[in-house]
Amino acid sequence: MSLISKIRCALTLGQGLLIENKTLTTTDDPISFFKAWLKEAENSGIILPESMTIATSTPQGRPSSRVVLLKEVDQKGFVFFTNYGSHKAQELEQNPFTALLFHWNMLQRQVRIEGKVERITTEESNAYFQTRGRGSRIGAWASHQSQELDNRETLVQRVKYFEDKFAGKEVPLPEFWGGYRVVPERIEFWQGKADRLHDRFIYEASENGWEIKRLNP
Ligand SMILES: Cc1cc2nc3c(=O)[nH]c(=O)nc-3n(C[C@H](O)[C@H](O)[C@H](O)COP(=O)(O)O)c2cc1C
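Residues numbered from 1 in each chain as written. Predicted model: local features only at pLDDT ≥ 70, side-chain atom pairs only at ≥ 80, totals over all residues. Heavy atoms only, no water.

**Focus: the confidence of the model for the chain**
- Summary statistics for the chain give a mean pLDDT of 90 and a share of 87% for residues scoring 70 or more.
- For residues 13-17, every residue scores under 50 in pLDDT, and the model assigns this stretch 7 contacts once sequence neighbours within four places are set aside. (pLDDT = per-residue confidence, 0-100. Contact = heavy atoms within 4.5 Å.)

So this is what it looks like as structure tokens:
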């Protein structure tokens, strides 16, 4: 066994078989399972463990992907925030099917989520927006996300414009900014193991709740 294989092996030792792990069992719903893994990723010291890749595609099936931050997760789904005029948002409005990907390399774990997005309510977006720092709130107003910018000075000027406009006032939620919830239909948990004999479990939504299957690595 090569050194790198030994290191990989050592890294996964002690984590136990995913499904036999005492704290995580097949009877768990995948959201609780996901939260337990996210907590372990946070505790492992990984920087921004809540960062996830989100894939979108045009109605013709041309995909694109980028990283966003997971801000909420519960039984309803996975919530992130963005500019509703951005490239990703325009694609999601036309084709709400999407896929999320988390990769926690130190833990040799990957979670794949597939489902459909829906916009969260303005009240929910506002509740989150008001928790952001003032600079981020101004930044949301100033950025025409994904549109061409002639130079950085234009952006700096727009920031200045909104700083003046909202001076001494609360920064309100822009109507072009808010959250999307990815309502999951499939969630796959992948745990790296020695010799590429990885564990994979997929939860699929059905009329009777979540069904779980083990997949070949
Ligand atoms: C670590 C990280 C976190 C990010 N978080 C967000 C986010 O939560 N929301 C967002 O709109 N963009 C976020 N971005 C920027 C996006 O990756 C992307 O550049 C931007 O949303 C424009 O994408 P689009 O043109 O496909 O719409 C983040 C980027 C990185 C690297």
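There's more to say after this.
**What about the pairing of strand S8 (residues 199-206)?**
- Summarising burial for S8: 6 of the 8 residues are buried, a large majority.
- Pairing of strand S7 (residues 177-191) with S8 involves 6 bridges; the strand directions are antiparallel. Looking at the pairing, Arg186 lines up with Glu204 of S8.
- Linking S8 to strand S9 (residues 209-215), which pair antiparallel, is a turn of 2 residues. (Buried < 20%, exposed > 50% of the residue type's maximum accessible area, 1.4 Å probe, protein only. Helix = DSSP H or I, 4+ residues; strand = E, 2+ residues; numbered from the N terminus. Pairing = 2+ DSSP bridges.)

**Some thoughts on the nonpolar core**
- Ranked by internal contacts, the top residues of the largest apolar core, which has 29 residues, are Phe34, Phe78, Trp104 and Val111.
- Among the elements of the structure, helix H2 (30-43), strand S1 (51-57), strand S4 (77-83), helix H3 (87-94), strand S5 (97-104), strand S6 (109-119) and S7 are those that each provide at least two residues to this core.
- Element by element, the count of residues in this core is highest for H2, at 6 residues.
- Setting aside residues up to four positions removed in sequence, Phe78 forms contacts with Ile31, Phe34, Leu70, Glu72, Val73, Leu100, Ile113, Tyr180, Arg181, Val182, Pro184 and Ile187. (Core = buried A, V, L, I, M, F, W, Y, C linked by side-chain atoms within 4.5 Å.)

**A short note on the packing of helix H5 (residues 134-142) against helix H6 (residues 152-165)**
- Where H5 contacts H6, the two axes come as close as 9 Å, and the packing angle between them is 115 degrees. Relative to H6, H5 is oriented so that their crossing is right-handed. Counting all contacts with H5, which are made through Ile138, Trp141 and Ala142, the residues of H6 involved are Leu155, Arg158, Val159, Phe162 and Glu163.
- Classifying every residue of the contact of H5 with H6 by side-chain character gives 6 nonpolar, no polar and 2 charged. (Axes fitted to C-alpha atoms, helices over the stretch in contact; angles between N-to-C directions. Left-handed = near helix turned anticlockwise from the far one by under 90°. Nonpolar A, V, L, I, M, F, W, Y, C, P; charged D, E, K, R; others polar.)

**Some thoughts on the site of the ligand**
- With respect to spatial proximity, the complete set of residues near the ligand consists of Leu48, Arg66, Val67, Val68, Leu69, Phe81, Thr82, Ser86, His87, Lys88, Gln145 and Ser146.
- Within the side chain of Ser86, a nitrogen or oxygen atom sits 3.5 Å from an oxygen atom of the ligand.
- In this structure, His87 approaches the ligand through a main-chain N or O atom, which is 3.3 Å from an oxygen atom.
- Looking at the shell around the ligand, the elements with two or more residues in it are strand S2 (63-69), S4 and H3. (Near = heavy atom within 4 Å. Polar contact = N/O pair within 3.5 Å; in protein donor to acceptor, adjacent residues only side chain to side chain.)

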